[in-house]
Amino acid sequence: NQSIMKQEETKAKIISGAVGSFLTAFAVHPLEVVKVRTQAQRTPVSAAVRFCSPECVILNNGLGDFLLPKSSLNCMDPTCGTNKTVKVPRGTQRGIFGSLRHIFFKEGVGSLYAGLGPTLTMGVPNTIIYFLTYDELSRKMSQRNLDSQWTPAVAGAAARSIASLSTAPLELVRTIQASRPQSNGMLSEFQMIVKQEGVVGLYRGLAPSLMRDVPFSSIYWMSIEYCRNKWLDHDSNRHRVDRLSAVEHAGRALFNGTVSGLIAAACTTPLDVIKTNQQLQVEVVASPTTVLLSSAEGTRSMHTAAATPTAKPTNFSSLDIAKRILAEEGIQGFWRGNVARMTKVAPACACMIASYEVGQKLYLTE
């Protein structure tokens, strides 16, 4: 029955997407924790890279950027943002693997995965919607004879947009809750945003993320499909007719994901630099209990325990930030941190696409 087969395929994609999300997060999250901790111990909190406030930190677990309270990281003092446990050795002295080993033996495996739960809550649904949408759009375009070399780019861009629009309200509310010690329930936060700003308010701050993620998705899927076609040509030239084993399929998917992730990350690093600078637009006002956070998620107040200096909130556009980077650092400033980003993005992309493809193969063949 075609309907039953379709349901089984959808179920296989959902399960594979969820498993892939977990595996990707487990592989990448420790690297992000090490980065955050080393930044916290050697840089003043007010100027720490990717720190959005004295109480919050941005973590990327391979599925996306997520704002978390520092209290979710057991190594952080939530009042000042510094390490309160054993310090991580400087990356220039022992490297990232030395730092991982140091944390593992001194504090245990739990410290390497601190804050993982909240990021999975937001990241897994987004990833499942993203992959399901891409597959469905690609299939529909092929059925209507719209299949071309640009199909992966169009389907990838649309899938990322739909996935982001679907989960943006939830991520915004979670971000607001993470940014202050005490907050209302999720439903109350939704109602408050809609009452004050309308439905549009639920998508506040989404544009900077889409500005980076949509081009990344287009380039990524174009590269994935190109690699897949090259593998098909390779098999055709060798007159291979037998099916790939799960191990062979996994190896090819890992290769495809790594190469595609590297290409997409390198091409979109300037957009990531601009987005990061927008997230770092933190200004404070003269109040012992309030901080204004101006970021990609909008401007809102948060509670702090200590007095803060006076400053005016700012809200620079992407173009303003691009002009400032070009004037201060030159064209190379747009590729600041490119190697580090590629090092993290490539294995995340490889792990996710391999888990998604092989998971479907194993589920449907049983």
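Everything here concerns the structure above.
Source: prediction; values computed, not measured. (Residues numbered from 1 in each chain as written. Predicted model: local features only at pLDDT ≥ 70, side-chain atom pairs only at ≥ 80, totals over all residues. Heavy atoms only, no water.)

**With respect to the environment of Ile-353**
Okay, step 1: Of note, Ile-353 is situated in helix α10 (residues 338-365).
Okay, step 2: Filtering out sequence-adjacent residues up to four positions away, Ile-353 remains in contact with Phe-131, Tyr-220, Trp-221, Ile-224, Arg-228, Ala-253 and Gly-257. (Helix = DSSP H or I, 4+ residues; strand = E, 2+ residues; numbered from the N terminus. Contact = heavy atoms within 4.5 Å.)

**A closer look at helix α4 (residues 116-143)**
Okay, step 1: With 28 residues, α4 extends 40 Å from end C-alpha to end C-alpha; this agrees with the ideal 40 Å at 1.5 Å per step.
Okay, step 2: The sharpest bend along α4 reaches about 30° and sits at Gly-123, with the proline Pro-125 one to four residues further on.
Okay, step 3: Phi for Asn-145, located one or two positions after α4, is positive at around 60°. (Expected span 1.5 Å × (residues − 1). Bend = angle between axes of the 7 residues up to and from the residue.)

**A look at the pattern of salt bridges**
Okay, step 1: Within this structure, the stated rule accounts for 10 salt bridges.
Okay, step 2: Residue Lys-13 is joined to Asp-135 by a salt bridge in which the shortest nitrogen-to-oxygen separation is 3.7 Å. Linking Lys-13 in helix α1 (residues 2-42) with Asp-135 in helix α4, this pair joins segments that are 122 residues apart in sequence. Across the pair, exposure class does not vary: Lys-13 and Asp-135 are buried alike.
Okay, step 3: Residue Glu-328 pairs with Arg-324 through a salt bridge whose shortest N-O separation is 3.4 Å. Taken together, the residues Glu-328 and Arg-324, both in helix α9 (residues 318-329) and 4 residues apart, mark about one turn of the helix.
Okay, step 4: Looking at Glu-328, the relative accessible area reads 57%, which means it is exposed.
Okay, step 5: Through salt bridges with shared partners, a single network forms among Lys-6, Glu-136 and Arg-139. (Salt bridge = Lys/Arg side-chain N within 4 Å of Asp/Glu carboxyl O. Buried < 20%, exposed > 50% of the residue type's maximum accessible area, 1.4 Å probe, protein only.)

**Comments concerning a nonpolar patch on the surface**
Okay, step 1: A grouping of Leu-165, Val-194, Val-199 and Tyr-203 is seen on the molecular surface, where their side chains present a nonpolar patch of about 320 Å² in accessible area.
Okay, step 2: Note on placement: Tyr-203 falls in the loop between α6 (186-197) and α7 (206-237). (Patch = residues over 30% accessible without salt bridge, like charges linked within 9 Å, V, L, I, M, F, W, Y side chains within 5 Å. Areas by Shrake-Rupley, 256 points an atom, 1.4 Å probe, with all protein chains shown as cover.)

**Quick word on the packing of α4 against α7**
Okay, step 1: Viewed as axis vectors pointing N to C, α4 and α7 meet at an angle of 55°, and their least axial separation amounts to 13 Å. Put simply, α4 runs oblique to α7. Note that α4 runs across α7; the crossing there is right-handed. Contact residues: Tyr-130, Phe-131 and Tyr-134 in α4; Ser-217, Tyr-220, Trp-221 and Glu-225 in α7.
Okay, step 2: For the contact of α4 with α7, the per-class residue count stands at 5 nonpolar, 1 polar and 1 charged. (Axes fitted to C-alpha atoms, helices over the stretch in contact; angles between N-to-C directions. Parallel < 35°, antiparallel > 145°, perpendicular 65-115°, else oblique. Left-handed = near helix turned anticlockwise from the far one by under 90°. Nonpolar A, V, L, I, M, F, W, Y, C, P; charged D, E, K, R; others polar.)

**Here we look at the packing of aromatic side chains**
Okay, step 1: Applying the stated criterion across every chain, the model contains 10 aromatic pairs.
Okay, step 2: Note on Phe-104 and Phe-105: the rings are 5.2 Å apart at their centroids and 80° apart in plane angle, and the pair reads as edge-to-face.
Okay, step 3: A residue is classified by how much of its surface remains accessible, and Phe-104, at 40% relative accessible area, is partly exposed.
Okay, step 4: Take Phe-105: its relative accessible area is 64%, and that puts it in the exposed class.
Okay, step 5: An aromatic cluster of at least three residues, connected via ring pairs, comprises Tyr-130, Phe-131, Tyr-134, Phe-216, Tyr-220, Trp-221 and Tyr-356.
Okay, step 6: Above the face of the Tyr-130 ring, Arg-160 is positioned so that its terminal group lies 3.9 Å from the ring centre. (Phe/Tyr/Trp six-rings, centres within 6.5 Å; stacked < 30°, edge-to-face > 60°. Lys NZ or Arg CZ within 6 Å of the ring centre and 35° of its normal.)

**Some remarks on the environment of Leu-364**
Okay, step 1: Following the sequence through the fold, Leu-364 ends up in helix α10.
Okay, step 2: Between the C-alpha atoms of Leu-364 and Glu-8, which are 356 residues apart in sequence, the distance is 7.6 Å.

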